Amino acid sequence: MSSGTAQKPYRRLSPLTPVARSGIFVVAVLTATWRDLLRGDLGPFGAVLLGLLIAGLVYGGASWLRTKYWIESDELRVDTGVIARQSRRIRIDRLQGVDIVQPFVARLFGLAELRMDVAGGSAREGSLAFLSLSDARELKDVLLSRRDAVRADSAPLPDADSDAGTDWRWVEPDRLLARVDLQLLLLSTLLTPEAFALILAGLGSMLVPLLVGDASGITVSLPLVGGLALVVFRKIAGSYRFTVSQTPAGLQVRRGLFELSSQTISLNRVQGVVLSEPLLWRRLGWARLDVSIAGYAASSDGEGGPSASTVLPVGDRELAMRLAQHVLSGTVLDQTVLTRPPKQARWVSPIGRRFMGFGTNESLTVSRTGWFNRRTNVVPHARVQSLRVTQGPLQRRLGLADMHVDSPPGPVTVRAQDRLATEARAILEQEIAVSRQARMPAGL
Amino acid sequence: MNDLFAPPGNSWRPVAPQLGTMRRLVLSASAVVGLVGIVVLHLILDLPTWLLVLAIAAVVTLAVLGWLVIGRNTRSWGYAERDEDLYIKHGATFRELIAVPYGRMQFVDITSGPLERAFGIASVRLHTASPGTSARIPGLPKEEAARLRDSLTSLGEAQAAGL
């Protein structure tokens, strides 16, 4: 576009980006053609692949040349595009969170991707890939401190103070809240249904051919075992060296074996928490903690590993509780009294009834469900979006109803199931009033 | 359990009866199409008479049932505007009551398809940050829908609390 771009203090992505991007492709080309290559000539298949690889590298190089980013008047600007040029502006004060992710190939080159979570934007829009790890960290710090500065500016604060504030902030060390050691991670993964299925399938596929004397079943069972193994392995790899610490910008979650990820959650975006205690963990006093974060709904990676919402993949119940308390800004979870649905609820949920519970305290609504996987869902009154009462025909016969607490999308759902109809409506009316009160200070 | 879905104030405001008329028109039209289809099929394939009678009886029964269900469902809709929240209830067999604080509203939209326009009605829908909030009122007279939207929008702005 304009030739004046040279004067701007723009920066480029890491020059290794095209190489890292085509890294997987290089491996593919080599595996497909190594035999031909050893013989000294390139088969037709190899030639096509090599051509594609070179074209990819050239395009990647051009794309790298054309991609520039810089910070200008409280906006991060990113120019991209080889053929059609694009110019993105990301308002720094709108940044919800900045995460650093290192996919495996990028990690081999010491590169990292910076993912910016912009309110109302898609994931693609807020991504810079790849930067060198140190650049990514630096940019992240710059963005977050700028954001805080911009936000502080709009609040009535003297400039000198806010400057001093930012200086002081960088001195404060991160406070480690929780760490998952490998032993605990492995043991707890062993006690999940997936791991049990893996062991059973593995033993089965070994024993059955031995007993029957026919190994043809292997072709069926092997992919199954492989798939299960992959799921279990991803769980472990995803939560490897999991740490949670409190930083000035918010809660920081770091994890990963091959793909490293570091994620910052500002506490005022937390919409609720859910404590999961699977049956097999309960005896050992272990629990998992997830949070609902505004704007993070769709980003669970759904590949068996921990999702973006996980704050603690496994840990002592005590620790999980303390973490929940910290995330919910100090409200005590333990003191909430949960009550069970009435007797007649057994006609609707004969087994589930005994494990259901609902209760509120001065700042939270809490519900519990499940025997096999006990989930305790918590939404603060101040985060309640709307309230619903529903009643099916069978419930009407029994004089029962469900009360739902609607909160932003995420793993947390608070619901008072199968309560007495009169009670359900009373809870709704009370919650409407309480949540209005709780909302007030934030709104003003 | 009548008090579970009792109005928060004096009474529920009902939706326009045109909603029922419109739905019944759609139902009758599809029933007629079904009957014509059966007759055509009979003429082409020469179906046995008992099957023809059975099929026609089935369509007629479904249509009558649908007619009654539409009546019950249309009457079941109701809404009540309060100082700080909107209540909506609906459903005859599976009932639902929803309470949305104005301060939580993200936006309000009105939709009115060609058929709805022909009957002079529209639907108003409230959106909060939660996808669970299924706050929709179908079949409002056009002026009432516009009034409700404006009132909700201004109340929402005045009481906005965001997330």
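Placed above this text is the structure.
Numbering of residues begins from 1 in every chain and follows the order in which that chain's sequence is written. Throughout, the order in which chains and ligands are written sets their labels, letters from A for the former and numbers from 1 for the latter. Residues qualify for local features only when their pLDDT is at least 70, as the model is predicted, and side-chain atom pairs are given and counted only at 80 or more; totals for whole chains, interfaces and linings, by contrast, use all residues.

Caption draft 1: Region of interest: helix H11 (residues 317-327) of chain A. Once C-beta atoms are placed from the backbone, each residue is buried if 20 or more other C-beta atoms lie within 10 Å of its own, exposed if 12 or fewer, and partly exposed for counts between those two. Helical segments are the DSSP runs of H or I of at least four residues, strand segments are the runs of E of at least two, and each set is numbered from the N terminus. Along H11 of chain A, the residues that are buried comprise Leu319, Ala320, Leu323, Ala324 and Val327 of chain A. Considered in projection along H11 of chain A, the buried side chains sweep an arc of 140° and stay on one side of the axis. By construction, the arc corresponds to the directions joining the helix axis to the C-beta atoms.

Caption draft 2: Representation of the packing of helix H8 (residues 193-212) of chain A against helix H9 (residues 218-239) of chain A within the structure. Residues and elements named next belong to chain A. Where H8 contacts H9, the axes come no closer than 9 Å and their chain directions differ by 155°. With respect to H9, the axis of H8 lies roughly antiparallel. Classified by chirality, the crossing of H9 by H8 is left-handed. Contacts from Glu194, Ala195, Ala197, Leu198, Ala201, Gly202, Gly204, Ser205 and Pro209 of H8 reach H9 at Ile218, Ser221, Leu222, Leu224, Val225, Leu228, Ala229, Val231 and Val232. Ten residue types, Ala, Val, Leu, Ile, Met, Phe, Trp, Tyr, Cys and Pro, are classed as nonpolar, four, Asp, Glu, Lys and Arg, as charged, and the remainder, Gly among them, as polar. Looking at the contact of H8 with H9 residue by residue, the classes come out as 13 nonpolar, 4 polar and 1 charged. To get an axis, fit a line to the C-alpha atoms, keeping to the stretch in contact for a helix; angles then go from 0 to 180 degrees between the N-to-C directions. Here the word oblique covers every angle except those under 35 degrees (roughly parallel), over 145 (roughly antiparallel) and from 65 to 115 (roughly perpendicular). The hand of a helix crossing depends on one turn: near helix anticlockwise from the far one by less than a right angle means left-handed, and clockwise means right-handed. The contact criterion used here is simple: two residues whose C-beta atoms, placed from the backbone, lie within 7 Å are in contact.

Caption draft 3: Expanded view of the interface of chain A and chain B. Each side of the interface is counted separately: chain A has 28 residues, and chain B has 26 residues. Top element by residues in the side of chain A that touches chain B is helix H13 (residues 421-443) of chain A. It accounts for 10 residues. Whether two strands pair comes down to DSSP finding at least two bridges between them. Pairing analysis gives 5 bridges linking strand E18 (residues 386-391) of chain A to strand E4 (residues 95-101) of chain B, with the strands arranged antiparallel. Within the sheet, the bridge partner assigned to Leu387 of chain A lies in E4 of chain B and is Ala99 of chain B.

Caption draft 4: Quick look at the sheet that holds strand E13 (residues 286-293) of chain A. All names here are of chain A. One open sheet holds the 6 strands; their spatial order is E14-E13-E12-E17-E16-E15, and the pairing between them is antiparallel. Each edge of the open sheet is held by one strand with a lone partner, namely strand E14 (310-316) and strand E15 (357-360). Pairs of neighbouring strands in the sheet enclose a mean axial angle of 15°, with direction left out of account. Summarising the sheet, strand E16 (residues 364-369) and strand E17 (residues 373-380) pair through 6 bridges and their orientation is antiparallel. Following the sheet pairing, Thr369 is matched in E17 by Arg375. In the packing of H11 onto the sheet, the strands contacted are strand E12 (270-278), E13, E14 and E17, and the crossing angle to E14 comes to about 150°.

Coordinates in, geometry out; function isn't part of it.
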